[in-house]
Amino acid sequence: MGATEQDAGVRKLAFDWLERQTMLHGDVLPRELLSQGFEFEGRRVPFLSAQGIFKPAVCPEIPLTITTSPNSPYDDSFADEHRLTYRYRGTDPRHRDNVGLREAMRRRTPLIYLFGLVPGRYLPIWPVFVVGDDPGRLCFTVMADDQQSLVDSLSAGAESEVAREPDAPRRQYITAAVQVRLHQRGFRERVLKAYREQCALCRLKHRELLDASHIIPDHDVRGEPRVSNGLSLCKIHHTAFDRHFLGINPDGVIHIRRDLLEETDGPMLQHGLKDMHRLRLTVPSRREDRPDREALAERFEQFLQLQG
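These lines cover the structure that appears in this document, whether it is placed above or below. Everything numeric here is computed off the predicted structure, so don't read it as measured data.

1. Concerning the overall build of the protein
A tally of helices and strands in the protein yields 9 helices and 14 strands. The principal-axis extents of the C-alpha atoms in the protein amount to approximately 70 × 40 × 35 Å. Within the protein, buried positions represent 49% of all 308 residues. If you take every contact in the protein between residues at least 6 apart in sequence, the share linking residues at least 24 apart comes to 61%. Charge separation in the protein, taken as the distance between the mean sites of 44 positive and 45 negative side-chain charges, equals 5 Å.

Structure representation (structure tokens):
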């Protein structure tokens, strides 16, 4: 097997593996899983290492992944609304890792971008392509593309029609959508971490069934993605909060709508909602992460008004 053929084979297996894992675990994956990776011809292929630009041993020349630290501000990854940036390794444009990404740009090779959201959890975006290089600013420009581009780029490489359009409107649209996902998933991960991955009402601990609910909605200009404007809620309590089936006063006391308290139904209504009445939220241990009292007061006033 030639080097080019081997490289394409490794990338296809990597993309297929990510597809399966995100179907099983959701689109944010734990570091342990990414570090374990997959096998190619009897050799283990991890997705990351201590370095941000990572080329596993089975990839002859070009990195497989680029990774941002969970502690880096997201805006450092945004060149503008339609483009992402990735910082050089160090300050030497000729460092072998930077040379590897430059070669990925020249060959139009698809990569995986692992965005650290909180320590130990990453949002993988694939495929991404290096479309620009700025030695003066010590960074590359990166854009995301759709799954169909993988078939084209892996089979035809730099000669593909997809590869000849590095700034195509399709890529601009997809990359803008990636930025929205980053903010949404980042908010969710920070809120769940603050609440120790449990519902603030019922303490359900299965993260697959948990959401990060905004107190002031995100469509409001004041609905900032701060942990103090969020609540970790299971899906039923998230919907109940959004639809004003329940309200939470500034002291964190839960109130169930009067008509529901008077309604007779099955165990879900009784134990899932009515039994929550007058209980108090479980809140984060860090004071700065606890729900904003003014935001709760505003939302609770809406709840009271809708009750009449």
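2. Regarding the state of the cysteines
Each disulfide consists of one covalent bond between the sulfur atoms belonging to two cysteines. Counted according to the given criterion, the structure contains 0 disulfides. Left without a disulfide partner, Cys 234 is nearest to the cysteine sulfur of Cys 202, which lies 3.8 Å away. For Cys 234, a relative accessible area of 4% puts it in the buried group.

3. A closer look at the environment of Gln 172
Along the chain, the position of Gln 172 falls in helix 5 (residues 169–194). For Gln 172, a relative accessible area of 22% corresponds to the partly exposed category. Taking the C-alpha atoms as reference, Gln 172 lies 28 Å from His 214; in sequence the two are 42 residues apart.

4. What about helix 9 (residues 293–307)?
Given a rise of 1.5 Å per residue, 15 residues ought to cover 21 Å, and the 21 Å separating the end C-alpha atoms of helix 9 matches this to within 8%. Taken as a whole, helix 9 has its buried residues at Ala 295, Leu 296, Arg 299, Phe 300, Phe 303 and Gln 307. Each buried residue of helix 9 lies within a common arc of 125° when the element is viewed along its axis, so the set occupies one face. Exposed residues lying more than 90 degrees from the buried face of helix 9 are Glu 294 and Gln 305. Buried residues belonging to helix 9 abut strand 11 (210–214), helix 6 (235–242), strand 13 (246–248), strand 14 (254–256) and helix 7 (258–262). For helix 9, the N-terminal capping position is held by Asp 292, with its side-chain oxygen 2.9 Å away from the main-chain nitrogen of Glu 294.

5. A short note on helix 6
Structurally, the α-helix is built with 3.6 residues per turn, so residues lying three or four positions apart point the same way. His 237, His 238, Ala 240 and Phe 241 are the residues of helix 6 that are buried. Along the long axis of helix 6, the arc covered by the buried residues comes to 165°, so they all point the same way. Structurally, helix 6 contributes buried residues whose contacts are with strand 11, strand 12 (230–234), strand 13, helix 8 (267–273) and helix 9. Just beyond helix 6, the residue with positive phi is His 244, at close to 60°.

6. Thoughts on unusual backbone geometry
Each neighbour pair has its own omega, and for Trp 126 with Pro 127 the value is -10°, a cis peptide bond. Summarising the element assignment, Pro 127 is placed in strand 9 (residues 121–134). At Glu 197, a position not held by glycine, the phi torsion is positive, near 55°. Take Glu 197: it is sitting in the loop between helix 5 and strand 11.

7. Side note on empty space enclosed by the protein
The full count for this structure, using the stated rule, is 1 cavity of 30 Å³ or more. Counted as a void, the largest cavity has a volume near 40 Å³. Considering the residues around the largest cavity, the lining is formed by Ala 3, Thr 4, Asp 7, Pro 60, Glu 61, Ile 62 and Arg 107.

8. Structural notes on the nonpolar core
Among the nonpolar cores identified, the biggest contains 29 residues, and Leu 201, Leu 231, Leu 233, Leu 246, Ile 248 and Leu 281 are the most heavily contacted of them. Tallying contributions element by element places helix 5 first for this core, with 4 residues. Contact partners of Leu 281, with chain neighbours within four places excluded, come to Ala 200, Leu 201, Leu 231, Ile 248, Gly 252, Ile 254 and Pro 291. Membership of the second largest hydrophobic core comes to 24 residues, among which are Phe 78, Tyr 88, Leu 117 and Ile 125.

Parameters and conventions
Residues numbered from 1 in each chain as written. Predicted model: local features only at pLDDT ≥ 70, side-chain atom pairs only at ≥ 80, totals over all residues. Heavy atoms only, no water. Helix = DSSP H or I, 4+ residues; strand = E, 2+ residues; numbered from the N terminus. Buried < 20%, exposed > 50% of the residue type's maximum accessible area, 1.4 Å probe, protein only. Contact = heavy atoms within 4.5 Å. Lys, Arg positive; Asp, Glu negative; His and termini not counted. Charge placed at Lys NZ, Arg CZ, Asp CG, Glu CD. Disulfide = S-S within 2.5 Å. Expected span 1.5 Å × (residues − 1). Arc of directions from axis to C-beta. Polar contact = N/O pair within 3.5 Å; in protein donor to acceptor, adjacent residues only side chain to side chain. 1 Å grid on protein atoms, 1.4 Å probe; cavity = no way out; pocket = protein on both sides within 12 Å on 5 of 7 lines; lining within 4 Å. Points joined across faces, edges and corners; volume = space filled by probe spheres on them. Core = buried A, V, L, I, M, F, W, Y, C linked by side-chain atoms within 4.5 Å.

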